[in-house]
Amino acid sequence: MSMKNKTSDLRQRMSEALKGGGDKAILKQKATGKMTARERILALLDPKSFHEYDLFVKHAGRDFDMDKKYLPGDGVITGTGTINGHPVCIYAQDFTVAGGSLGYMHAKKITKIMDHAMKLKIPIIGINDSGGARIQEGVNSLAGYGEIFFRNTQASGVIPQISVILGPCAGGAVYSPALTDFVFVVDKISKMFITGPQVIKTVLGEEISMEELGGARTHAEITGNAHFFAQSEEECFSQIKSLFTYIPWNNKKTAESFPKKPPKTRQYKLDNIFPTDPRMPYDVKDVIRALSDDSEFLEVQEYFAPNIVVGFSRLNGNTVGYVANQPLVLAGVLDVDSSDKAARFIRFCNAFNIPLITLVDLPGYLPGIDQEHAGVIRHGAKVLYAYSEATVPKITVITRKAYGGGYIAMCSHHLRADFVFAWPTAEIAVMGPEGAANIIFKNDIKNADNPEKVRQEKIEEYKQKFANPYVAAAYGYVDAVIEPEETRNMLIHSLDISASKSVERPDKKHGIPPF
Ligand code: HXC
């Protein structure tokens, strides 16, 4: 065959493979409001940057007449490309081909591109849309998942791993996303669960819809499995692109620097955001925006455990990670879910060289039987562990309450913050004045002619003594008491002088965090 004929043969083969599951299956995919796998890749990556590999891979199924079936690309598209000019490896399961089910060669394609990502030290993105283990291939499908999980674990903390759930992701298949750094879901499209509604009904007699059990909202708000929630696939892709502006390619690099921009101080002015009444809540996201370049803030897990706010912004062009108590929700307490959320985010930032800024305003850990029995000790300890182990620059600003365990946990000097600043409004104490006065002046209050008057006097006495930043400053636990308007400059200066920070931790195989 001549070169010309061979080229046309190649084109013919490619055009067959590029049809995926064929017109009928593609129409069905579109009818459910979903893009095809290839459309998704092209929409997410920079134009013309996608290069596909293993298009001609053949599936390995031999039983149940599978050997007679042609499954283009074996139901998964893999390749490399760029996002905002940065290289990434990517795979997208093609539901139009055997329901995107994972057989031996499908898994091989995924693990091969994961291996590439690790070798090239660039992020890996997985778009999940699959009926799970390919039933006809039996144990080879399970082996495939196991190989993916192992690689997810090896890659953890080395390259960013992104999972995008754009269809079903059921059974053990959910554990690959669960092992990755950020999970993106889309309303009405994403479905994640270990056992579906049918099985739950049969085994437990409980009835629940697929959407309620494992839909996007459920994972964004209740389970915390998802980190980003979008209304459409397009919005989801723009969230991913935005995330990539904040994170580095791998754990040996830092995130890209952008031109410095001042905050939008007309819109976000600390004086207007912060209430004069210390009992009034305020939105800590506005405080973050008031401090950040161009007042931009990319929140992570926005709808889960909203009593803590975590996410990325920039200071003088460089990425920082914020961990901030949210006084608007449960007074910003630490509880089981907010501890998990904060600890995981801190560990991501630490692994990928992103300095941490902690904004403190909380009454402590949430009391209650529910919390105690849900393991607030075990979960709360994760925050202590994550901050203590983190070696990136760590800067803490105490804006108002820093009581009890909350003071210690929110990146105090004792957990090796590099700088702790406090606003004049800060109250650093073992507990709030009301609770403290009721305990230590119990007898004075009880025996007084006018107990309520004495209670108020004692509360005031306690406030005068402890509800301020100066006792902590007197011991050097606070490095400087600063005016709120100075905060951005102090943060920028602290980060600038921390650029070459280097600390050693004890030599060990790994720690044993309270997982
Ligand atoms: C083989 C599968 C498949 C699977 C779907 N298909 N799932 N083929 N193995 N796991 C095929 C269907 O036969 C069908 O082929 C095509 O994909 C589209 O599927 P439909 O059922 O027509 O689509 P839909 O109505 O949208 O339903 C989607 C679905 C359903 C909800 C995902 O297909 C489903 O329940 N699938 C099985 C899910 C499951 O139980 N998977 C195994 C989980 S166990 P045709 O040829 O008709 O187009 C598991 C263990 C992993 O994953 C453990 C790892 C540790």
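Here, every reference points to the structure presented above.
All values reported here derive from a predicted model rather than from experimental measurement.

Could you give an account of the nonpolar core, naming the residues involved and the relevant values?
Grouped together as the largest cluster of nonpolar side chains are 66 residues, with contacts concentrated most on Ile-125, Phe-312 and Val-323. Among all residues touching Ile-125, those that are not within four sequence positions of it are Leu-44, Ile-83, Val-88, Cys-89, Ile-90, Tyr-91, Ile-162, Val-164 and Phe-244. Residues Ile-148, Cys-169, Ala-173 and Ala-216 belong to the second largest nonpolar core, which totals 27 residues.

How would you summarise the packing of helix α13 (residues 336-351) against helix α15 (residues 376-389) if you had to cite specific residues and measurements?
Close contact between α13 and α15 brings their axes to 8 Å; oriented N to C, the two are set at 20°. One finds that α13 runs roughly parallel with respect to α15. In this structure, the crossing between α13 and α15 has a hand that is left-handed. Facing α13, whose interface residues are Val-336, Ser-339, Asp-340, Ala-343, Ile-346, Arg-347 and Asn-350, α15 presents Val-376, His-379, Gly-380, Lys-382, Val-383, Ala-386, Tyr-387 and Glu-389. The residue inventory of the contact of α13 with α15, partitioned by class, reads 7 nonpolar, 4 polar and 4 charged.

Give me the sheet that holds strand β7 (residues 182-186): which residues, what numbers.
Read across the open sheet, the 7 strands follow the order β1-β2-β3-β4-β5-β7-β9; overall the sheet is mixed. Edge strands, defined here as strands with exactly one partner in the open sheet, are β1 (51-53) and β9 (228-230). With direction set aside, neighbouring strand axes in the sheet form an average angle of 20°. Sheet contacts for helix α4 (residues 104-120): β1, β2 (76-83), β3 (86-93), β4 (124-128) and β5 (161-165); angle to β2, the most-contacted strand, approximately 20°.

Outline the pairing of strand β14 (residues 394-403), supporting the account with residue identities and numerical values.
Counted residue by residue, β14 has 10 buried out of 10 residues, so it is predominantly covered. As paired strands, strand β13 (residues 356-362) and β14 are joined by 6 bridges and run parallel to one another. Counterpart to Ile-357 in the pairing with β14 is Ile-395. Pairing analysis gives 3 bridges linking β14 to strand β16 (residues 427-429), with the strands arranged parallel. Along β16, the bridge assignment pairs Lys-401 with Glu-427.

Tell me about the pairing of strand β15 (residues 419-422), residues and numbers included.
Direction of pairing for β14 relative to β15: parallel, over a ladder of 4 bridges. Counted as the bridge partner of Ile-395 is Phe-419 from β15. Each parallel crossover has a hand, and the one from β14 via helix α16 (residues 404-409) to β15 is right-handed. Note: β15 against strand β17 (residues 480-481), 2 bridges, orientation parallel. Paired with Ala-422 across the bridge in β17 is Val-481.

Would you mind going over the pattern of salt bridges in detail, with residue names and values included?
Per the stated rule, a full pass over the model turns up 30 salt bridges. Overlapping salt bridges bring together Lys-34, Arg-40, Asp-129 and Glu-233 as one network.

I'd like to hear about the site of the ligand, residue by residue, with values.
Lys-28, Gly-99, Gly-131, Ala-133 and Ile-135 are the nearest of the 17 residues found near the ligand. Here Gly-131 contributes a backbone N or O atom positioned 2.6 Å from a nitrogen atom of the ligand. Its free accessible area being 1000 Å², the ligand has 50% of it covered by the protein chains. Listed by contribution, the elements that provide at least two residues to the shell around the ligand are α5 (139-155) and β6 (168-170). Looking at which element gives the most residues to the shell around the ligand, the answer is α5, with 3 residues. The residue makeup of the shell around the ligand, split by class, is 9 nonpolar, 6 polar and 2 charged.

Run through the state of the cysteines, naming residues and quoting values.
By the definition in use, this model includes 0 disulfides. Not part of a disulfide, Cys-169 finds its nearest cysteine sulfur in Cys-236, a span of 14 Å. Left without a disulfide partner, Cys-411 is nearest to the cysteine sulfur of Cys-349, which lies 12 Å away.

So what about the environment of Gly-167? Which residues, and what values?
Looking at the element boundaries, Gly-167 is found in the loop between β5 and β6. In this structure the C-alpha to C-alpha distance between Gly-167 and Asn-350, which are 183 residues apart in sequence, comes to 32 Å. The residues touching Gly-167, leaving out its near neighbours within four places in the chain, are Lys-34, Asn-128, Asp-129, Ile-189, Ser-190 and Lys-191.

Tell me about the side chain of Ser-292, residues and numbers included.
As for its position among the elements, Ser-292 is in the loop between α12 (284-291) and β10 (298-300). Engagement of the side chain of Ser-292 in a polar contact is seen with the side chain of Ser-313, the distance being 3.0 Å. Ignoring sequence-local partners within four residues, the contact set of Ser-292 consists of Pro-262, Pro-263, Ser-313, Arg-314, Tyr-322 and Arg-488.

Now, about the packing of aromatic side chains: what can you tell me, with residues and values included?
Each aromatic ring pair is characterised by the separation of its centres together with the angle its planes make. Inspection of every chain in the model, using the stated rule, returns 16 aromatic pairs. A ring pair is formed by Phe-274 and Tyr-282, whose centres lie 4.8 Å apart and whose planes are at 55°; its orientation type is tilted. Looking at Tyr-282, the relative accessible area reads 4%, which means it is buried. Relative to Trp-423, the ring of Phe-274 has its centre 5.1 Å away and its plane inclined at 75°; by these criteria the two rings are edge-to-face.

Residues and numbers for helix α19 (residues 451-466), please.
Under the 1.5 Å per step criterion, the end-to-end length of α19 is 22 Å for 16 residues, consistent within 8% with the ideal 22 Å. When α19 is considered as a whole, its buried residues turn out to be Val-454, Lys-458, Ile-459 and Tyr-462. Along the long axis of α19, the arc covered by the buried residues comes to 140°, so they all point the same way. The secondary structure elements touched by the buried residues of α19 are β16, α17 (433-440) and α18 (442-447).

Conventions we followed
Residues numbered from 1 in each chain as written. Predicted model: local features only at pLDDT ≥ 70, side-chain atom pairs only at ≥ 80, totals over all residues. Heavy atoms only, no water. Core = buried A, V, L, I, M, F, W, Y, C linked by side-chain atoms within 4.5 Å. Buried < 20%, exposed > 50% of the residue type's maximum accessible area, 1.4 Å probe, protein only. Contact = heavy atoms within 4.5 Å. Axes fitted to C-alpha atoms, helices over the stretch in contact; angles between N-to-C directions. Helix = DSSP H or I, 4+ residues; strand = E, 2+ residues; numbered from the N terminus. Parallel < 35°, antiparallel > 145°, perpendicular 65-115°, else oblique. Left-handed = near helix turned anticlockwise from the far one by under 90°. Nonpolar A, V, L, I, M, F, W, Y, C, P; charged D, E, K, R; others polar. Pairing = 2+ DSSP bridges. Right-handed = clockwise from strand over helix to strand, strands pointing away. Salt bridge = Lys/Arg side-chain N within 4 Å of Asp/Glu carboxyl O. Near = heavy atom within 4 Å. Polar contact = N/O pair within 3.5 Å; in protein donor to acceptor, adjacent residues only side chain to side chain. Areas by Shrake-Rupley, 256 points an atom, 1.4 Å probe, with all protein chains shown as cover. Disulfide = S-S within 2.5 Å. Phe/Tyr/Trp six-rings, centres within 6.5 Å; stacked < 30°, edge-to-face > 60°. Expected span 1.5 Å × (residues − 1). Arc of directions from axis to C-beta.

Function-wise, these values are silent; they only describe arrangement.
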